[in-house]
Every structure is written in structure tokens, then in C-alpha cells.
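Structural characterization, general
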Amino acid sequence: MLLVDPYNDFLSEGGKLQGRAKAVIDQTDTIANMRQVVAACRTAGIRVFYVPHNRSKPSDFSGWAHPTPYQLGGHRIQLFAEGTWGAEWHPDFQPEAEDVMIKEHRGSSGFANTDLDIQLRQHGVSKVVLIGLLANTCIETTGKFAVELGYHVTLVRDATAAFSMEAMKVAHEINGPTYAHAIVTTAELLATWSGGESG
């Protein structure tokens with residue numbers, strides 16, 4: 001299970017982008033569903049991989065030739081600023097000893113320039129389930145990259161959020177079906193796992 005960017009700046013009241021995602025978080029009950037998925041993983045012995053975005057520093061893109069608009073936007077507000085509360089994990093998603101912490105990604109993909117692929121392969125993982133934020137950026141890009149590397153990908157439509165329901169629709173109804181092997185709700189995922197399947 002890939003837990004993407006469960007930072008205070010996204011999920012906690014007062015976080016730098018929580019206000020932009022709040023309507024979708026509330027409508028989909030994102031945090032409660034993420035909690036259920038993580039708890040079910042730990043109960044079932046399914047390993048949790050933390051897939052964190054880079055914690056911002058003022059010098060991050062100094063000298064870069066082609067930072068993206070997405071990177072520059074986060075940089076301007078110092079999203080997940082290193083050493084701040086916003087860059088800490090949401091209280092409900094504190095890592096446990098058996099979890100795997102992946103190196104921070106600088107773009108939208110949890111795979112690009114990180115150790116995610118080797119960590120998954122060394123742990124014998126061929127199927128990944130993605131939850132966290134944002135549905136149409138880091139979740140989608142990580143999922144697409146996973147497929148390119150040969151993984152089976154499951155998206156959990158109500159254990160993620162975006163800045164609008166339109167973005168959620170694009171992520172799960174337009175783009176998702178072009179690459180994901182399964183797009184499910186939290187209830188459907190947990191029912192599958194309780195039936196003895198792990199993917």
C-alpha cells in the first residue's frame with residue numbers, strides 16, 4: 001500500500017493547502033477512509049510504504065533549468081517546509097516500525113528519482129494500492145509510473161482528495177480507467193481483503 005503525502009499541510013486544519021482540499025476531503029470522508037485502509041493493511045500484514053513529497057527549502061530550485069509550474073507553486077508557499085508543522089505527518093498517519101519510508105520525490109511521481117521501485121521489488125510486491133493526495137497529481141502520476149514498471153495498480157477513489165470534484169472525476173472516471181487495473185471504494189477494497197485477497 002502506497003501512502004502518498006499524508007502531511008499536515010494537506011490534511012490538517014490550518015495546513016497550507018488543506019483549505020483548498022477541504023470540500024472534497026469532507027465530501028468523500030477522505031481521512032476516515034485513509035485510516036480504514038491503513039488499519040486494514042496493518043491488521044492483514046500488508047506493508048505500508050510512505051511516499052513523501054520533498055520537504056521544501058528556500059534553495060530547492062536554485063539553478064534549475066526547468067522547474068515545473070507545480071514545483072514553483074509549491075516552492076512559493078514553501079509547501080511542506082522542512083522543520084515545520086506542515087511537513088509533519090497528520091496525527092492519524094504516524095509511521096510504524098514495519099513501514100517503509102521512501103525517499104522524497106520532487107515532482108509528482110513517487111518513483112522518479114526515488115528508491116520506491118527497488119524497495120517494492122525487494123519486498124516482493126507486484127500489486128500496489130494508492131491512497132493519499134492529490135488524486136490528479138501525485139496519485140495519478142505515481143500510478144501511471146507503476147504501470148509502466150509492470151505493477152498492478154489499484155486506486156481507492158474515496159481515500160484520496162483533490163482541490164475540486166471535477167479534478168476527482170478526471171482522476172477516477174477519465175484518466176484512471178486508461179491505466180489502473182482496479183478503481184474501487186474503501187468499502188469495496190476492504191471487502192476484497194476480508195475475502196482473502198491481498199491486491
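Structure: see above.
Residues numbered from 1 in each chain as written. Predicted model: local features only at pLDDT ≥ 70, side-chain atom pairs only at ≥ 80, totals over all residues. Heavy atoms only, no water.

Another aspect to go through is the overall build of the protein chain. Counting its secondary structure elements, the protein chain contains 8 helices and 6 strands. Each helix and strand of the protein chain, placed in order from N terminus to C terminus, yields the pattern β-α-α-α-β-α-β-α-β-α-β-α-β-α. For the protein chain, whose C-alpha radius of gyration is 16 Å, the value lies close to the compact-globule estimate of 16 Å for 199 residues. Summarising its shape, the C-alpha atoms of the protein chain cover approximately 50 × 35 × 35 Å along the three principal directions. Expressed as a percentage of the 199 residues in the protein chain, the buried residues total 50%. Taking the intrachain contacts of the protein chain between residues at least 6 apart in sequence as the baseline, contacts between residues at least 24 apart amount to 77%. For the protein chain, the computed accessible surface area is about 9,200 Å², with 51% contributed by carbon and sulfur atoms. Taken as two groups, the 16 positive and 22 negative side-chain charges of the protein chain have centres that lie 4 Å from each other. (Helix = DSSP H or I, 4+ residues; strand = E, 2+ residues; numbered from the N terminus. Rg over C-alpha atoms; globule rule 2.2 N^0.38 Å. Buried < 20%, exposed > 50% of the residue type's maximum accessible area, 1.4 Å probe, protein only. Contact = heavy atoms within 4.5 Å. Areas by Shrake-Rupley, 256 points an atom, 1.4 Å probe, with all protein chains shown as cover. Lys, Arg positive; Asp, Glu negative; His and termini not counted. Charge placed at Lys NZ, Arg CZ, Asp CG, Glu CD.)

The subject of this paragraph is the pairing of strand E5 (residues 152–161). Extensive coverage of E5 is indicated by the burial of 8 of its 10 residues. Regarding topology, helix H6 (residues 135–148) serves as the crossover connection from strand E4 (residues 127–133) to the parallel E5, and that connection is right-handed. Sheet topology places E5 next to strand E6 (residues 182–184); 3 bridges connect them, and they run parallel. Within E6, the position partnered with leucine 155 by the bridge is isoleucine 183. Each parallel crossover has a hand, and for E5 linked through helix H7 (residues 165–175) to E6 it is right-handed. (Right-handed = clockwise from strand over helix to strand, strands pointing away. Pairing = 2+ DSSP bridges.)

What follows concerns helix H8 (residues 186–194). Inspection of H8 places Thr186, Leu189 and Trp193 among the buried residues, and these make up the whole buried set. End-on, the buried residues of H8 take up no more than an arc of 65°, which puts them together on one face. What points out from H8, more than 90 degrees from its buried face, is the exposed set Ala187 and Ser194. Elements that come into contact with the buried residues of H8 comprise helix H3 (30–44), E4, E5 and E6. (Arc of directions from axis to C-beta.)

Take the pattern of salt bridges next. For the structure on display, the rule yields 9 salt bridges. Between glutamate 104 and arginine 55 there is a salt bridge, and its shortest N-O distance comes to 2.6 Å. Of this pair, glutamate 104 sits in the loop between strand E3 (100–101) and helix H5 (116–122) while arginine 55 sits in the loop between strand E2 (49–51) and helix H4 (69–76), placing them 49 residues apart in sequence. Given the relative accessible area of 29%, glutamate 104 is considered partly exposed. With a relative accessible area of 18%, arginine 55 lands in the buried category. We note a salt bridge from arginine 121 to aspartate 117, for which the minimum N-O separation is 2.8 Å. Highlighted residues: arginine 121 and aspartate 117, both in helix H5, separated by 4 residues, approximately one helical turn. (Salt bridge = Lys/Arg side-chain N within 4 Å of Asp/Glu carboxyl O.)

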